[in-house]
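Reading the structure
Letter by letter, the chains look like this.
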Amino acid sequence: MQQAEELLFSGRQELGFAKGLFLGNFVADWVMPYPRLDATRQTELDSALNEVRQMLDRHLDPDWIDRNADIPRNLIDGLARTGVLGMTAAREFGGRGFSQMQCCRILEEIGKRDASTSVFVNAHHSIGIRALILFGTREQKAQWLPSLVAGEKLAAFALTEREAGSDAANVRMTATPSDDSSHYVLNGEKRYITNAGIAQVWTVMARTPIPDEPAKDAITAFLVTPDMPGVEMIEARMAKLGIRGTATGRFRLNNVRVPKENILGPLGKGLRVALTVLDFGRTTFGACCTGAAKHCLQLAIEHANSRQQFKKTLGNFDLVKKKIARIAADVYAMEAMTNVTASLIDRGLEDYMIETAMLKVFTTDRLWEAVNDAFQIHGGSAYFDDNPLGRMLRDARINQIGEGSNEVLTSFIALVGMRGPGMEFKEIYDTMTSFSMNRVGKAWNAGMSRLGATVRTPNVPVQSTELRGFAGQLGRLIWRFNVAVNRALVVYREPVLDMQLIQERIAGAAMELFASTCALSRWDSELQAPGRNGEKQPLDFTAPEYFLRKSIRHAKELLAKLNDNDDRALVALANAVLGKEAGTGSQG
């Protein structure tokens, strides 16, 4: 975790919101007031959305894309013409210069209509050209960006291999420098690469030797084109369960000579490039899932209000209402989390890797539940091909796997979050076991930090008097969360690094705290500024109220299960079924 932070960040780091939660703090200025676009950017976004919607109405047919396993050229041209393929690229290179919040809003609209198209755009823009935008030299941007922004060329991000996916550091493709250092020779295979079969520019991660350290190597990012000699396209379009319109490919590089001028970012810092790019991609991932969940809600409402059973419309039955309320509440929070997380990027903050991971896990899981609930409300009709929910169900399943599996990210959230208080406890322990005057000051500060968090309930500063009750509940829950994290660290110590069932509950509670905070911040903003952003009707606040109630309750349940669970029986059964020896694996 420390190595990842050293790779990603430079300079003194301000305490972020998520890491603050694990330390028992409420870092209010990261989430409050709720982020809003200024008038100029909002007008710019409204105009762009109108243009994109009209283009999508003309050219986007999700059923055709699914049947033909292809995204038609006229749609790609439309996405380029309306600026979607270069949303955040600078205007001097042909882009729109959009902020991350604006970009997310455009992708939410696309995600509402078709997952294949949103994944295509995400692969091209959010991760495909993002490394070039963030790490490219001025010369590289001038050479590559104009044609990529205009849609004349398409981009792909090539990280995944047989042994490297969520484990991004396990890349095995090699890049060996030539004797004269003019180029690198790349060898290896990449798989499951979105857009690989149609892209003309790939951002490829490969291992390079570290100068003056013969026994060591590190990952470097390269710009590679498929027309280079030695490129072998093994499968241009791998057949898939869902998102069939995307060209997911597998290719091999056989002694491909790549000029040193095609290195993106510093030599040996490709892991930093990859992790930074994925942070951006997970944010737009959240936007796409939010759009799809909104579509699920719309389909569920329409069917519940029209379908009659037992002389009533489905919307009169409480078990149907339960599903619709759950989707509506989650949609509210998903949108709030996406906006807050995107705003962290727009504000130039650096350390938001836990927040983007939380957003990705939360929105992909809640979209899957929304699709399932909408499917159940539609009943048997959803099972037939004339209903979009079958396609949406197939499309949504990849989200919990792509750009870091949710299981890996769940452990990541818990472990990175616990590192802060863990280091403080370690400072105290080391001073007690090996006394040194040099350590006394640090140990004292660490002890006061842990003690202060234990006796102090964080203040959640809402502006609306109506919300102070929820703010108080949230503050007390953050205190309780910190106590639970402290206890886990003291009781389990180093073995907690392998106790994924404990990590899952801690990460789950942290995600609920982040989601609740974003929903509360949004609700507070809407109460303070009714009619903002062109709302023509009074806002209905039943969605945030229900979300906060169920989210806070769920977080309490997760924390209670840290002490009252069936983990030993679970692990014993799994070991028996897997044929492993008793005691193999972690238990809480």
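Residues numbered from 1 in each chain as written. Predicted model: local features only at pLDDT ≥ 70, side-chain atom pairs only at ≥ 80, totals over all residues. Heavy atoms only, no water.

All right, on to the state of the cysteines then. By the definition in use, this model includes zero disulfides. The thiol of cysteine 288 is unpaired, and the distance to the nearest cysteine sulfur, on cysteine 289, comes to 6.9 Å. Judged by relative accessible area, cysteine 288 falls into the buried class, the value being 9%. (Disulfide = S-S within 2.5 Å. Buried < 20%, exposed > 50% of the residue type's maximum accessible area, 1.4 Å probe, protein only.)

The next subject is the pattern of salt bridges. If you walk through the whole model with that rule in mind, you get 33 salt bridges. Here aspartate 70 and arginine 237 are joined by a salt bridge, their closest N and O atoms 2.8 Å apart. Here aspartate 70 is found in the loop between helix H4 (62-68) and helix H5 (73-81), whereas its partner arginine 237 is found in the loop between strand S6 (231-235) and strand S7 (248-259), with 167 residues between them in sequence. Between arginine 252 and glutamate 189 there is a salt bridge, with the nearest N and O atoms lying 3.1 Å from each other. Here glutamate 189 lies in strand S3 (residues 183-194) and arginine 252 lies in strand S7, a separation of 63 residues in the sequence. Note on arginine 252: relative accessible area 27%, which makes it partly exposed. Taken together, the shared-partner salt bridges connect Arg105, Glu108, Lys294, Glu335, Arg522 and Glu526 into one network. (Salt bridge = Lys/Arg side-chain N within 4 Å of Asp/Glu carboxyl O. Helix = DSSP H or I, 4+ residues; strand = E, 2+ residues; numbered from the N terminus.)

Overall, the predicted model of the protein reaches an average pLDDT of 91, with 90% of residues at or above 70. Mean pLDDT across the elements of the protein bottoms out in helix H1 (residues 2-8) (52) and peaks in helix H6 (residues 100-113) (98). (pLDDT = per-residue confidence, 0-100.)

Another point: the pairing of strand S4 (residues 201-210). Within S4, eight of the ten residues are buried, leaving the element largely enclosed by the surrounding structure. Two strands pair when backbone bridges link them, and strand S1 (residues 155-158) and S4 are joined in this way by four bridges, in the parallel orientation. Note on S4: the bridge partner recorded for alanine 158 is valine 204. Of the strand pairs in this sheet, S4 and strand S5 (residues 213-224) are connected by nine bridges, and their pairing is antiparallel. Paired with alanine 206 across the strands is threonine 220, a residue of S5. (Pairing = 2+ DSSP bridges.)

Moving on, we get to the packing of aromatic side chains. Scanning all chains against the criterion turns up nine aromatic pairs. Ring geometry for phenylalanine 375 against tyrosine 383: centres 6.2 Å apart, planes inclined by 85°, an arrangement best described as edge-to-face. Judged by relative accessible area, which is 16%, phenylalanine 375 ranks as buried. By relative accessible area, which is 67% here, tyrosine 383 ends up exposed. Between phenylalanine 470 and tryptophan 523, the ring centres sit 5.7 Å apart and the planes meet at 50°, which makes this aromatic pair tilted. Pair noted here: phenylalanine 470 is in helix H16 (residues 468-492) and tryptophan 523 is in helix H17 (residues 500-528), with a separation of 53 residues, a long-range link. We classify tryptophan 523 as buried; its relative accessible area is 7%. Through successive ring pairs, a cluster of aromatic residues spans Phe17, Phe26 and Phe514. Lying over the aromatic face of phenylalanine 317, lysine 312 brings its terminal NZ or CZ to 5.6 Å of the ring centre. (Phe/Tyr/Trp six-rings, centres within 6.5 Å; stacked < 30°, edge-to-face > 60°. Lys NZ or Arg CZ within 6 Å of the ring centre and 35° of its normal.)

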